[in-house]
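What follows is the residue order along each chain.
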Amino acid sequence: MADSLKTSARRVQDALLAAGLACEVVEMPKTTRTASEAAEAAGCRVGQIVKSLVFRGTRTGKPYLVVASGANRVNEKVLAGLVGEPVEMPDADFVREKTGFAIGGVPPLGHDEPLETYIDQGLLEHEEIWAAAGTPNAIFKLTPADLQAITGGRVVKIS
Ligand code: 5CA
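In this report, the structure presented in the accompanying data block is examined. This is a predicted model, so every value here is computed, not measured.

Moving on, we get to the overall build of the protein chain. Looking only at helices and strands, the protein chain has 5 helices and 8 strands in total. Its helices and strands in sequence order give the protein chain the pattern α-β-α-β-β-α-β-α-β-β-β-α-β, from N to C terminus. Taking 15 Å as the expected radius of gyration for a compact globule of 159 residues, we find that the protein chain reaches 14 Å, a close match to that expectation. Principal axes of the C-alpha set define a box for the protein chain whose edges measure 45 × 30 × 30 Å. Total accessible area on the protein chain stands at roughly 7,700 Å², and carbon and sulfur atoms take up 49% of it. Taking the 17 positively charged and 20 negatively charged side chains of the protein chain as two groups, their mean positions are separated by 4 Å.

Shown next, in the form of structure tokens:
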């Protein structure tokens with residue numbers, strides 16, 4: 001039941017409601033920490049899993065969010081071209097500091113600060129996709145149009 005959600009999952013559910021989406025956060029009995037585990041738990045293909053990946057600009061220290069298909073690997077050189085500076089994969093502390101969530105549960109919305117966001121166009125091939133919802137066993141189902149609405153992200157070819 002929604003009332004029993006862990007605090008971080010509740011936060012994502014509240015952010016979805018605030019964004020006007022009827023998506024329901026579900027806590028799975030098994031881990032959804034990785035894209036393949038999330039796909040198994042949701043009963044979908046790994047390409048339908050939304051990975052919410054935080055990168056750091058090496059010049060400015062600015063965080064960038066890439067929401068990518070679980071089937072794709074983000075090309076950091078392409079991302080660097082888009083953001084105008086080299087990027088690196090930050091450590092787990094940086095991710096928590098900028099988003100308010102721990103790796104394995106980072107959601108595409110509800111972060112501590114708004115993040116400049118890029119959407120992997122590979123996610124748009126699917127009718128339904130699943131994203132992390134704050135904890136390593138919470139996820140929610142949405143459409144690619146929902147994802148664009150909640151992130152305000154720019155759709156790009158990033159892999
Ligand atoms: N819950 C799943 C499916 S939605 C999930 O969050 N998958 S994920 O791909 O978005 O998050 C895991 C990602 O966190 C990895 O792909 C990797 O990019 C990043 N990551 C994992 N371990 C570390 C680490 N020690 N430091 C920095 N980033 C890490």
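Taken together, 15 residues are adjacent to the ligand, and T32, R33, S52, P90 and G104 come closest. G104 places a main-chain nitrogen or oxygen 2.8 Å from a nitrogen atom of the ligand. For the ligand, whose free accessible area comes to 610 Å², the fraction covered by protein is 71%. For the shell around the ligand, the leading source of residues is strand β2 (residues 49-57), giving 5 residues. Residue composition of the shell around the ligand, grouped by class: 9 nonpolar, 4 polar and 2 charged.

What follows concerns the pattern of salt bridges. Per the counting criterion, the structure on display carries 7 salt bridges. Its salt-bridge partner being D14, residue R10 comes within 3.3 Å of it at the nearest N-O pair. Note that R10 and D14 are positioned in helix α1 (residues 7-18) at a spacing of 4 residues, about one turn of the helix. For K141, the salt bridge is made with E128, and the minimal N-O distance between the two is 3.6 Å.

V12, L16, V25, F140, L142 and L147 are the most contacted members of the largest nonpolar core, which has 28 residues in total. Counting residues per element, the ones that place at least two in this core are α1, β2, β3 (63-69), α4 (92-99), β6 (129-132), β7 (138-142) and α5 (144-151). With 4 residues, α1 is the single largest residue contributor to this core. Counting 12 residues, the second-largest nonpolar core is a separate cluster that includes F55, V74, L79 and V87.

With that out of the way, let us pick up the pairing of β3. Taking burial as the measure, the 7 residues of β3 include 7 buried ones, the bulk of the element. Looking at chain direction, β2 and β3 are connected through 7 bridges and run antiparallel. Across the sheet, residue S52 finds its bridge partner in β3, namely V67. In this structure, the hairpin formed by β2 and β3 is closed by a connection of 5 residues, where G61 is found at a positive phi of approximately 75°. Pairing analysis gives 4 bridges linking β3 to strand β5 (residues 116-120), with the strands arranged parallel. Counted as the bridge partner of Y64 is E116 from β5.

It is worth spelling out the environment of T34 at this point. Along the chain, T34 falls in the loop between β1 (26-27) and α2 (35-42). With a relative accessible area of 35%, T34 lands in the partly exposed category. Engagement of the side chain of T34 in a polar contact is seen with the backbone nitrogen of E37, the distance being 3.1 Å.

Reading the values: the criteria
Residues numbered from 1 in each chain as written. Predicted model: local features only at pLDDT ≥ 70, side-chain atom pairs only at ≥ 80, totals over all residues. Heavy atoms only, no water. Helix = DSSP H or I, 4+ residues; strand = E, 2+ residues; numbered from the N terminus. Rg over C-alpha atoms; globule rule 2.2 N^0.38 Å. Areas by Shrake-Rupley, 256 points an atom, 1.4 Å probe, with all protein chains shown as cover. Lys, Arg positive; Asp, Glu negative; His and termini not counted. Charge placed at Lys NZ, Arg CZ, Asp CG, Glu CD. Near = heavy atom within 4 Å. Polar contact = N/O pair within 3.5 Å; in protein donor to acceptor, adjacent residues only side chain to side chain. Nonpolar A, V, L, I, M, F, W, Y, C, P; charged D, E, K, R; others polar. Salt bridge = Lys/Arg side-chain N within 4 Å of Asp/Glu carboxyl O. Core = buried A, V, L, I, M, F, W, Y, C linked by side-chain atoms within 4.5 Å. Buried < 20%, exposed > 50% of the residue type's maximum accessible area, 1.4 Å probe, protein only. Pairing = 2+ DSSP bridges.

By themselves, these are just geometric observations and shouldn't be taken as functional.
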